[in-house]
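Topology and contacts: notes
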Amino acid sequence: MQSSQPKSFANQLFIDGSFVPSLDGSTIDVLNPFDNTLLTRIAEAKAADVDRAVVAARKAFPAWRDTSHENRGRLLLKLADAMEAHFDELAELESLDTGHPVRDAKMLDVPRSAACVRYFGGMADKVFGSVVPTDPGFLNYVLREPVGIVGGIIPWNFPMLSFVWKLAPALACGNCVVLKPSEVTPLSALRIAQLAAEVGFPKGVINVIPGYGHTAGQRIAEHPDVNKVAFTGSTAVGRKILAASEGNLKRVQLELGGKGPNIVFEDCDLPQAVNGSLFAIFHNQGQACIAGSRLIVHESIADEFVDRFAAVAKTIRQGDPLNPETEMGPLASRAHQEKVLAFCKQAQESGNVVIGGAAPDDAVLARGNFVLPTMVRAGADDIFFREEVFGPFVTLTTFKDEAEAIHLANATRYGLGSGLWTNNLQRAHRVGRAIRAGMVWINCYKRSAPGSPFGGVGESGYGRDLGLEVLQEYTYPKSFWVNYDHPTPAFYKR
Ligand code: NAD
């Protein structure tokens, strides 16, 4: 099956309620990762375009902040409905732009994105403050105020999900947003901005400005009139964001890289563990911050585990992402494919490849950015065990006992997702507590829900997307003191 091309794309900057070209007319080519043909040229935001988006957001902010919580929620609920009404279109758009198999986009990206918008639509009138017990005669109440203008910067691996994970809670809390999707995968964010305008979001509340990181992203991070940056991306860029933010000491939320340990104990349900571990690494071509990219398997079951795992991995169907039969698509860009293949080459040279370790040997797939499902043996000191490869590339390390498994799991500077497979209830909780990570999946992997906090520790960053926790990220507490029945003491006795 050949990729079909939608007729047109939203491909300009979305600023102040309208699609506009960039001020200097620059554009960026957006390629189809299946065959590297041109999908469209999008307007490229540069610093001056960021500035005008921030001006639009600043202008819209007072009215949006003072819009009733109920009405803010109602608009988000309408947006969720609109996304569901355009379900197939959004799934195909995301598939075309990112290389996600359309099967996955329909199963995960679109329904979960709509569910996130709906969840925070429902949450908009539940952003509670508190009343603090204090001295008699005083009332101390705490309101949660929106932080103001939120600058969002997101990566290319799950562009639709990342977009709504930032957008929906920020808007629910009364902020205006200037969001920069990745230059590689900007199309779904622009289309959802268009849907948001159609359902009635006021001008300037949502601004979407694709552009390069070192120009547009840098300007958002350093902008004196942006109050918070919500960033998802690599740890290296997270550091740059932090440095750029110092000018006005804006709030910074960092959702960064990961190197998820996936521990398989000898007392697990082996078929389940194999199945779940395949999903943990190969879903989305391994391009997931929470991927289970380090398999840590008990030595007594390692051979059987590898045989079963490899048998399925070798049969994963790679092909056109728009074909509903396709189980693994291309990586998002040629540059990223080359990076992953460089790790493969190194693994080939060191003789550690168990399966894969190359691009598929197929003339059609060679036009796109494909990498074979790959497993590589690695010790804790190996580069493959330490570095985030961000592709269909999993390491295999064996352990003798629980203590060694925990040691290996924690032998990383990251701490985002993690998982373990066991039928021993005590062990499951004990080991889960011992792993240093923001999320632990027991007998499952990569679960998420709008109500569950998502984020990491260590060099995986700080702050949380989703959950009730995210409401703290997008608001600040304002403490009111009211004297309703307390005589003011004569502090200066005259
Ligand atoms: P990246 O860090 O290269 O880019 C992320 C975003 O930052 C892009 O929009 C990019 O244009 C922008 N950017 C780049 N340089 C910048 C700069 N100097 N200033 C401001 N912005 C800049 O990441 P990527 O390659 O797009 O995505 C992959 C990375 O994202 C992986 O490390 C992955 O683990 C991480 N990620 C983390 C999470 C999470 O929730 N923790 C989720 C998804 C992806």
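That block above? That's the structure.
Residues numbered from 1 in each chain as written. Predicted model: local features only at pLDDT ≥ 70, side-chain atom pairs only at ≥ 80, totals over all residues. Heavy atoms only, no water.

**Brief notes about the overall build of the chain**
Threshold: Think of it this way: any DSSP run of H or I at least four residues long counts as a helix, any run of E at least two long counts as a strand, and we number them from the N terminus. The globule rule is 2.2 Å times the number of residues to the power 0.38, and the radius of gyration it is compared with is taken over C-alpha atoms. Exposure categories follow from relative accessible area, calculated using a 1.4 Å probe and restricted to protein chains: below 20% of the type maximum is buried, above 50% is exposed, and the middle band is partly exposed. Any pair of residues with heavy atoms lying within 4.5 Å of one another is described as a contacting pair. In short, Shrake-Rupley with a 1.4 Å probe defines the accessible areas, and a residue's cover is counted only from the protein chains shown. The convention is simple: Lys and Arg are positive, Asp and Glu are negative, and His and the chain ends are not counted. Working definition for charges: the position is that of NZ of Lys, CZ of Arg, CG of Asp or CD of Glu.
Looking only at helices and strands, the chain features 15 helices and 20 strands. Taking 494 residues into account, the globule formula puts the C-alpha radius of gyration at 23 Å, and the chain, at 24 Å, falls close to it. Taking all 494 residues of the chain together, 56% fall into the buried category. The long-range share in the chain, meaning contacts at least 24 apart out of those at least 6 apart in sequence, stands at 74%. Total accessible area computed for the chain in this model is approximately 20,000 Å², and 54% of it derives from carbon and sulfur atoms. Charge separation in the chain, taken as the distance between the mean sites of 49 positive and 53 negative side-chain charges, equals 5 Å.

**Overview of the packing of aromatic side chains**
Rules: Put simply, two rings from Phe, Tyr or Trp (the six-membered ring, in Trp's case) pair if the centres are within 6.5 Å, and we call them stacked under 30 degrees between planes, edge-to-face over 60, tilted for the rest. Remark: a charge is flagged as sitting over a ring if the NZ atom of Lys or the CZ atom of Arg is within 6 Å of the ring centre and within 35 degrees of the ring normal.
Within the structure shown, the criterion is met by 15 aromatic pairs. Arranged with centres 5.7 Å apart and planes meeting at 45°, the rings of F282 and F309 form a pair that is tilted. Here the residue F282 occupies a position in helix α9 (residues 270-282), and F309 occupies one in helix α10 (residues 302-313), the gap between them amounting to 27 residues. One exposure class covers both F282 and F309, and it is buried. One aromatic cluster is present, formed by F282, F305 and F309 through successive ring pairs. Directly above the ring of F279 sits K446, whose terminal nitrogen or CZ lies 5.4 Å from the centroid.

**Section: helix α6 (residues 187-199)**
Note that an α-helix has 3.6 residues per turn; residues three or four places apart therefore point the same way. Where we set the bar: By this rule, a helix spans an expected 1.5 Å times one less than how many residues it contains.
Compared with an ideal rise of 1.5 Å per residue, which puts 13 residues at 18 Å, α6 spans 19 Å between its outermost C-alpha atoms and is within 8% of the ideal. With ten of 13 residues buried, α6 lies mostly within the body of the structure. Those residues of α6 that fall on the buried side of the exposure criterion are L187, S188, A189, L190, R191, I192, A193, L195, A196 and V199.

**Some details on the packing of helix α2 (residues 69-85) against α6**
We count it as follows: Convention adopted: a line fitted to C-alpha atoms gives each axis, helices being fitted over their contacting stretch, and angles between N-to-C directions are expressed from 0 to 180 degrees. Angles are sorted into four bins: roughly parallel if under 35 degrees, roughly antiparallel if over 145, roughly perpendicular if 65 to 115, and oblique for all others. By definition, turning the near helix anticlockwise from the far helix through less than a right angle yields a left-handed crossing, and turning it clockwise yields a right-handed one.
Closest axis-to-axis distance for the α2/α6 pair is 9 Å, and the angle between their directions is 125°. If you check the angle between α2 and α6, you find them oblique. Here α2 and α6 pass one another in a crossing that is right-handed. Two secondary-structure elements touch here, α2 through L75, K78, L79, A82 and M83 and α6 through I192, L195, A196 and V199.

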